[in-house]
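# Notes for the structure review
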Amino acid sequence: MRLMFIAFLLAATPVAGASSPASLDVTEQRNAAVGFALTMTATVERMKKSCAAVPEAAPQFSEASRQWVVRNKPYADAANGWMDYVRSQIARQKGPKVADAFISNTYSVFSDKASMIAAESLPGSPPAAASCLKWVDTMNAHAFDLEQNPEFVQDLKDIRAFYESGAGGHGR
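Report follows, based on the coordinates. (Residues numbered from 1 in each chain as written. Predicted model: local features only at pLDDT ≥ 70, side-chain atom pairs only at ≥ 80, totals over all residues. Heavy atoms only, no water.)

### A few points about the state of the cysteines
What the rule picks out here adds up to 1 disulfide. Paired by a disulfide, C51 and C132 hold their sulfur atoms 2.0 Å apart. Between C51 and C132 the disulfide shows an S-S torsion of about -95 degrees. By sign, it is left-handed. Highlighted residues: C51 in helix 2 (residues 28–51) and C132 in helix 5 (residues 129–140), separated in sequence by 81 residues. Relative accessible area serves as the criterion here: at 0%, C51 is assigned to the buried category. On the accessibility criterion, C132 (0% relative accessible area) is buried. (Disulfide = S-S within 2.5 Å. Helix = DSSP H or I, 4+ residues; strand = E, 2+ residues; numbered from the N terminus. Buried < 20%, exposed > 50% of the residue type's maximum accessible area, 1.4 Å probe, protein only.)

### Some thoughts on the packing of helix 2 against helix 6 (residues 153–165)
Contact geometry for helix 2 and helix 6: axes closest at 9 Å, N-to-C directions at 90 degrees. As judged from the angle between their axes, helix 2 and helix 6 are roughly perpendicular. The segment helix 2 lies against helix 6, with Q29, R30, A33, V34, F36 and A37 engaging D155, L156, D158 and I159. When its residues are assigned to classes, the contact of helix 2 with helix 6 shows 6 nonpolar, 1 polar and 3 charged. (Axes fitted to C-alpha atoms, helices over the stretch in contact; angles between N-to-C directions. Parallel < 35°, antiparallel > 145°, perpendicular 65-115°, else oblique. Contact = heavy atoms within 4.5 Å. Nonpolar A, V, L, I, M, F, W, Y, C, P; charged D, E, K, R; others polar.)

### Quick word on helix 5
Here helix 5 is 12 residues long and its end C-alpha atoms lie 16 Å apart, about the 16 Å a rise of 1.5 Å per residue gives. Every buried residue of helix 5 is accounted for by A129, C132, W135, V136 and M139. Here the buried residues of helix 5 occupy an arc of 125 degrees about the axis, which is enough to place them on one side. Away from its buried face by more than 90 degrees, helix 5 exposes A130, K134 and D137. The inward-facing, buried residues of helix 5 contact helix 2, helix 3 (58–94) and helix 4 (96–121). H142 sits one or two residues past helix 5 and shows a positive phi near 65 degrees. (Expected span 1.5 Å × (residues − 1). Arc of directions from axis to C-beta.)

In structure tokens, the structure reads:
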């Protein structure tokens, strides 16, 4: 996932404008944090779909995943905003076709990784109720929340603050 950003990083420019309230450079670490956030968000959605086929666990998993989304959506939104910003930078530097191809390929990698994680986490079709319920407990304990990842938590917080400030052009 990180390797996909190397070509862009060679030409990366700071994320700032004259009227921006803050500046945030595009870095491999921040891009990896965004990849993590978007992959985990897609993983939870895929796991929810798998557990929906397990009557003994579907309602509990649905609620736990809904609560997970509520807690983690600000980071997922900021990660998608970051991807929009990266796309705009690539488009400005290399053209919209290159930017669109890069973003499409990057989201495909995140999606493929999410499918793999979900399949490994909930093997079987449908998965065992015990597996789904184990993930319900994990999500309810907030152990799978994006903020719990020590490698990416600070970058995710920085990207979220940057996104919410409107500095990247996509804040609220």
